[in-house]
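# Coordinate inspection notes
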Amino acid sequence: SRESWSWREGDFPKARKSLERKPLSIERTKGSEILFGIAPCSLALSQSRRDLFRLFLKESSGSRRLVMSEFVLQATARGVPVHHVKRRELDALCRGQVHQGVCLEATPLRFKSLEEAEKPDLGDEESPNRQLIWLVLEQIQDPMNLGALLRSAYFLGVDRVVTSQRNSCRLTPTVSKASSGAMEVFDVYSTDDLRSFLRAKTAEGWEVVGTVSQPEDVENVPVISCLEFQWNKPVIIVIGSEGDGLSLETQLLCHRMLAIPPGRALHPGIESLNVSVATGILLHSICSQKLKHND
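Identification of the protein as rRNA methyltransferase 1, mitochondrial from Smutsornis africanus is taken from an unreviewed UniProt entry. Within the UniProt record for the protein, the comment given under Sequence similarities (unreviewed entry) is "Belongs to the class IV-like SAM-binding methyltransferase superfamily. RNA methyltransferase TrmH family." For the record of the protein, the UniProt heading Subcellular location (unreviewed entry) holds the text "Mitochondrion".

Written out as structure tokens, the structure is:
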């Protein structure tokens, strides 16, 4: 029996080697990227904003069998080839991200230029009593934050999101996943001259409102609580970067600054909120006025 045991032990390295085989190499289409996750892939398939190359689904998906069947139907309707692969192939495709058994090879989404959308909206924007709210992002660099911001903006009824081109995160698959697919249905615009854009909107009659976590850091611009803010004309909410907030030059272009009042005395070092959480609170406070006005 000792010999028999020893023989079985000798087989373990072979078995381990077999389990640790490298994932199959899947050659990507030039210029493509890999979307991952159920919501981003499903919404990308349902829209016509990307060129789609291949859909990869996990074999033996168990409890998600119905979801996977729906993906096959979606892909077939769009003429997208479907490949059933092992989990480790999916892991390799999206570099270990949480894919939920689905990856989609597609062309990237790009920011839209403001010029592309200015004309179709002019009729709405010039109509009286039209409450428009735009969200402007200055140098948001974390894809998880950008995704969360887009998800909140879409959910709460923001009319347009504009981001600065310089030092800002691109519209990556991670952003789409963090947005729960909102990026696939919600256009995001970009400008290479944020300050000129804000000056132009001010000249058109818009109010530009900045955001700040430490009111004492702001000079020459009135700071009020978001609970006190009221508006009756088009408004732009400007959000600053994760580390530094709004640049001084951008602050000085704001008519007012909004702060979120804390619910308790705060310990030093934890006096601020994550940028996407803070933006969600501010947008809810402001957009709820829009809903009441429309009622």
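### Topic: the packing of aromatic side chains
Counting across every chain of the model gives 3 aromatic pairs. Ring centres 6.2 Å apart and planes at 5° place the aromatic pair Trp134 and Phe197 in the stacked group. With a gap of 63 residues between them, Trp134 in strand E6 (residues 133-137) and Phe197 in helix H8 (residues 194-203) connect regions that are remote in the sequence. Judged by its relative accessible area of 2%, Trp134 falls in the buried class. Among the residues examined, Phe197 registers a relative accessible area of 9% and is labelled buried. Grouping aromatic residues by their ring pairs yields a cluster made of Trp134, Phe197 and Trp206. The residue whose ring lies beneath Arg160 is Tyr189, and the NZ or CZ to ring-centre distance is 4.7 Å.

### Observations concerning a negative patch on the surface
A cluster of acidic side chains, namely Glu115, Glu116, Asp192 and Asp193, defines a negative patch on the protein surface. Inspection of the secondary structure puts Glu116 in helix H5 (residues 114-126).

### So, the sheet that holds strand E3 (residues 82-85)
Here 4 strands make up an open sheet; going across it, the order is E1-E4-E2-E3 and the pairing mixed. Two strands close off the open sheet at either side, each with one partner strand: strand E1 (33-36) and E3. Strand-to-strand twist in this sheet, taken as the mean axis angle between neighbours without regard to direction, amounts to 25°. Pairing analysis gives 4 bridges linking E1 to strand E4 (residues 102-106), with the strands arranged antiparallel.

### With respect to unusual backbone geometry
Not every positive phi belongs to a glycine, and Ser180 is a case in point at roughly 55°. Here Ser180 shows up in the loop between helix H7 (173-178) and strand E8 (188-191). You can call Ser180 partly exposed: its relative accessible area is 30%. Even without being a glycine, Asn220 presents a positive backbone phi close to 70°. Its location among the elements puts Asn220 in the loop between strand E9 (207-211) and strand E10 (223-225). Of the residues examined, Asn220 reaches a relative accessible area of 73% and is grouped as exposed.

### A short note on the nonpolar core
Grouped burial of nonpolar side chains is what soluble globular proteins tend to show. Judged by nonpolar contacts, the single largest core of 32 residues is most densely connected at Leu135 and Val161. When contributions to this core are tallied by element, the ones reaching two or more residues are E6, helix H6 (143-156), strand E11 (235-239) and helix H10 (275-294). Setting aside anything within four residues of it in sequence, one finds Val161 in contact with Leu135, Leu137, Leu150, Ala153, Phe186, Asp187, Val188 and Tyr189.

### Some points on the sheet that holds E6
Strand order in the open sheet formed by 8 strands is E5-E8-E7-E6-E11-E9-E12-E10, with parallel pairing between adjacent strands. The open sheet is flanked by strand E5 (112-113) and E10, the only strands paired with a single partner. Sheet topology note: the strand E7 (residues 160-164)/E8 ladder contains 4 bridges and is parallel. Counted as the bridge partner of Val161 is Val188 from E8.

Rules of the game
- Residues numbered from 1 in each chain as written.
- Predicted model: local features only at pLDDT ≥ 70, side-chain atom pairs only at ≥ 80, totals over all residues.
- Heavy atoms only, no water.
- UniProt positions renumbered as here; feature names shortened; annotations may be inferred.
- Phe/Tyr/Trp six-rings, centres within 6.5 Å; stacked < 30°, edge-to-face > 60°.
- Helix = DSSP H or I, 4+ residues; strand = E, 2+ residues; numbered from the N terminus.
- Buried < 20%, exposed > 50% of the residue type's maximum accessible area, 1.4 Å probe, protein only.
- Lys NZ or Arg CZ within 6 Å of the ring centre and 35° of its normal.
- Patch = residues over 30% accessible without salt bridge, like charges linked within 9 Å, V, L, I, M, F, W, Y side chains within 5 Å.
- Areas by Shrake-Rupley, 256 points an atom, 1.4 Å probe, with all protein chains shown as cover.
- Salt bridge = Lys/Arg side-chain N within 4 Å of Asp/Glu carboxyl O.
- Lys, Arg positive; Asp, Glu negative; His and termini not counted.
- Charge placed at Lys NZ, Arg CZ, Asp CG, Glu CD.
- Pairing = 2+ DSSP bridges.
- Axes fitted to C-alpha atoms, helices over the stretch in contact; angles between N-to-C directions.
- Core = buried A, V, L, I, M, F, W, Y, C linked by side-chain atoms within 4.5 Å.
- Contact = heavy atoms within 4.5 Å.

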